[in-house]
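Fold and geometry: a report
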2 protein chains.
Amino acid sequence: MKVIELKETITASNDRDAEVLRTELKAQKTLLVNLMASPGAGKTTLLERTIRDLGKQYRIAVMEADVDSDVDAKRIEMLGAKAVQAHTGGMCHMDAGMTRRALEELNAPDADLVVLENVGNLICPAEFDTGAGKNVMLLSVPEGDDKPLKYPLMFTTSDVLIITKTDVMPYFDFDLARCKERAKKLNPRIEIFAVSSKTGDGMDAWEAWLSNAIDSWKH
Amino acid sequence: MKVIELKETITASNDRDAEVLRTELKAQKTLLVNLMASPGAGKTTLLERTIRDLGKQYRIAVMEADVDSDVDAKRIEMLGAKAVQAHTGGMCHMDAGMTRRALEELNAPDADLVVLENVGNLICPAEFDTGAGKNVMLLSVPEGDDKPLKYPLMFTTSDVLIITKTDVMPYFDFDLARCKERAKKLNPRIEIFAVSSKTGDGMDAWEAWLSNAIDSWKH
């Protein structure tokens, strides 16, 4: 497993770079999913379960972005998936140039799906188009149902919201219907799934959506 | 309750500005505590309980910083404490200039304690000295005990680490001893408390530390 050190791309045209990267990935028939969430929302655990469930059907590779450490990439590699750990040099997000660099190091041109697990942060990653075909955000039950009010941009820019850790719902004051309503108000087209990566509850609906997205991306 | 719109201070000398602000607050005998954590780690709930417990003994005022919404400042005002909501204009942190602006709007020169509830984020706030006398960070049990490995700077720059939501410890794979060890390795002088703001467990030790910090600041 590689650990690479990244620096922010010096460019005023991140949006254009992202569009170019997206077009290249489309031609290559690789769907890039940008996975965003707070620290500890369960991004890696969701990924582990998703790779276990869909790993025989699709070639899946993962880019882990973090300020430091390589614990996440190691977890993914234990499942037999190709993984690379990117360090952002203190930066709170990935941009299109950094994503391109990480993709080069990952070197998985035949992958059906590449997941970029972005830096744990509900603010900065939403501001930078990475070139991903789909933006997926997680919100965990312990974080609270008021997060759409406080971090609106992340909800606005995501195609999918996955509400995670639903198994601990009884121990927290989390109103699922109210959370969904707040997210839909910001982004009426957002797809919402509620899952527990621990018990597997709700994973089938998320994985059906993801399979469909991978298949659609090839056409 | 006021809602103010802040913009990043255009200055190459945030550290110097922070030092000036800290000196002024010392002369004024007001301890400024910078409270930092991920979204949903329980900053506002800890604050509510702390104000309830210490609000008769000390004059406490609060500055809530968020990208959007005013839900937190409203919660604090319901306790009868002076509060101001600062919007960071999309920014992921508060700097010394923004903190000074918020303090002016708060207008609580006779406060013993002012708490700045920083933007929910484990990365950016650690990079900017706000002028606070003490930096306090929260890590909630659901986030996981690996966070010191991934977000080291926040642990390095904090005087205190409060591990929150200990009441849900039975439902999560969180090793308290391992988390403390990882934090101490990054910052041997960090004070660590483990609390549940819900049940009140562990609040006495944190509040004893805070009372002592407020009293010491006056001398």
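Residues numbered from 1 in each chain as written. Chains lettered and ligands numbered in written order. Predicted model: local features only at pLDDT ≥ 70, side-chain atom pairs only at ≥ 80, totals over all residues. Heavy atoms only, no water.

**Details of the overall build of chain A**
In terms of regular secondary structure, chain A is built from eight helices and eight strands. Over its C-alpha trace chain A gives a radius of gyration of 16 Å, about what one expects of a compact globule, namely 17 Å for 219 residues. Based on the C-alpha atoms only, the size of chain A along its principal axes is roughly 45 × 40 × 35 Å. Burial analysis of chain A (219 residues in total) assigns 60% to the buried set. Partitioning the intrachain contacts of chain A with sequence separation of at least 6 by distance along the chain shows that 76% fall at a separation of at least 24. (Helix = DSSP H or I, 4+ residues; strand = E, 2+ residues; numbered from the N terminus. Rg over C-alpha atoms; globule rule 2.2 N^0.38 Å. Buried < 20%, exposed > 50% of the residue type's maximum accessible area, 1.4 Å probe, protein only. Contact = heavy atoms within 4.5 Å.)

**A word on helix H1 (residues 14–27) of chain A**
Working note: α-helix, 3.6 residues per turn, so residues spaced by three or four point in the same direction. Residues and elements named next belong to chain A. Its 14 residues place the ends of H1 20 Å apart at the C-alpha level, agreeing with the 20 Å of an ideal helix rising 1.5 Å per residue. Taken residue by residue, H1 has Asn14, Ala18, Leu21, Arg22 and Leu25 as its buried positions. All buried residues of H1 lie within an arc of 105 degrees about the axis, which places them on one face of the element. Among the exposed residues of H1, those pointing more than 90 degrees away from its buried face are Arg16, Thr23 and Ala27. Against strand S2 (31–36), helix H4 (96–106) and helix H8 (203–217) lie the buried residues of H1. Among the residues trailing H1, Lys29 stands out with phi positive, at a value near 60 degrees. (Expected span 1.5 Å × (residues − 1). Arc of directions from axis to C-beta.)

**Considering the relation of the copies chain B and chain A**
With an axial shift of 0.0 Å and an RMSD of 0.0 Å, the rotation relating chain B to chain A amounts to 180 degrees. Each copy turns onto its partner about a two-fold axis. The residues that chain B uses at the interface reappear at the interface of chain A in 100% of cases, marking a shared surface. (Least-squares fit on C-alpha atoms with pLDDT ≥ 70 in both.)

**Some thoughts on the environment of Met94 of chain A**
All names here are of chain A. Mapped onto the fold, Met94 is located in the loop between strand S4 (82–87) and H4. A relative accessible area of 0% places Met94 in the buried class. Note: C-alpha distance between Met94 and Asp66 (28 residues apart in sequence) is 9.4 Å.

**So, the nonpolar core**
One finds Met63, Val114 and Leu161 of chain A together with Met63, Leu106, Val114 and Leu161 of chain B to be the most contacted residues of the largest nonpolar core, which totals 87 residues. For Leu161 of chain A, the residues in contact, after removing those within four places along its chain, are Met137, Leu138, Leu139, Phe155, Ala183, Ile190, Glu191, Ile192 and Phe193 of chain A. (Core = buried A, V, L, I, M, F, W, Y, C linked by side-chain atoms within 4.5 Å.)

**Description of the pattern of salt bridges**
One pass over the full model with this rule turns up 28 salt bridges over all chains. Asp72 of chain A is the salt-bridge partner of Lys150 of chain B, the closest N and O atoms lying 2.8 Å from each other. With Lys150 of chain B in helix H5 (residues 147–150) and Asp72 of chain A in helix H3 (residues 71–77), the pair connects residues from two separate chains. For Lys150 of chain B, a relative accessible area of 7% puts it in the buried group. Classification of Asp72 of chain A as buried rests on a relative accessible area of 1%. Between Lys150 of chain B and Asp146 of chain B there is a salt bridge, and its shortest N-O distance comes to 3.6 Å. An identical accessibility class is assigned to Lys150 of chain B and Asp146 of chain B; each is buried. It is possible to trace a salt-bridge network through shared partners that takes in Glu48, Asp72 and Arg75 of chain A together with Asp146, Lys147 and Lys150 of chain B. (Salt bridge = Lys/Arg side-chain N within 4 Å of Asp/Glu carboxyl O.)

**Let's talk about the packing of aromatic side chains**
Residues and elements named next belong to chain A. Following the criterion strictly, the structure yields six aromatic pairs over all chains and no others. Residues Trp206 and Trp209 carry aromatic rings whose centres are separated by 5.8 Å and whose planes lie at 15 degrees to one another, so their mutual orientation is stacked. Placement of both Trp206 and Trp209 in helix H8 is noted, with a separation of three residues, approximately one turn of the helix. Ring pairs connect the aromatic residues Phe193, Trp206 and Trp209, which therefore count as one cluster. Cation over ring: Lys26 sits above Trp217, and NZ or CZ is 4.6 Å from the ring centre. (Phe/Tyr/Trp six-rings, centres within 6.5 Å; stacked < 30°, edge-to-face > 60°. Lys NZ or Arg CZ within 6 Å of the ring centre and 35° of its normal.)

**Quick word on the pairing of strand S8 (residues 191–194) of chain B**
Residue and element names in this part refer to chain B. Note: strand S7 (residues 160–164) against S8, four bridges, orientation parallel. Opposite Val160, over in S8, you have Glu191 as the bridge partner. For the segment spanning S7, helix H7 (residues 176–186) and S8, crossover handedness is right-handed. (Pairing = 2+ DSSP bridges. Right-handed = clockwise from strand over helix to strand, strands pointing away.)

**Regarding the environment of Leu210 of chain B**
All names here are of chain B. Looking at where Leu210 falls in the secondary structure, it is placed in helix H8 (residues 203–217). When its relative accessible area of 2% is taken as the criterion, Leu210 is described as buried. Separated by 97 residues in sequence, Leu210 and Leu113 place their C-alpha atoms 9.4 Å apart. Setting aside its immediate chain neighbours within four residues, Leu210 contacts Val33, Thr50, Leu54 and Leu113.

**Some thoughts on the interface of chain B and chain A**
Each side of the interface is counted separately: chain B has 31 residues, and chain A has 31 residues. Taken together, the two surfaces of chain B and chain A that pack against each other cover about 2400 Å², and 60% of this comes from carbon and sulfur. Along the contact surface separating chain B from chain A lie two salt bridges. Elements that contribute at least two residues to the side of chain B that touches chain A include exactly helix H3 (71–77) and H5 of chain B. With three residues, H5 of chain B is the largest single contributor of residues to the side of chain B that touches chain A. (Buried area = accessible area lost by both parts, 1.4 Å probe.)

**Some words on the environment of Trp206 of chain B**
All names here are of chain B. For Trp206, a relative accessible area of 3% corresponds to the buried category. Residues Trp206 and Leu161, 45 residues apart in the sequence, show an inter-C-alpha distance of 9.9 Å. Apart from residues lying up to four places away in sequence, Trp206 is in contact with Leu46, Thr50, Val136, Val160, Ile162, Phe193 and Val195.

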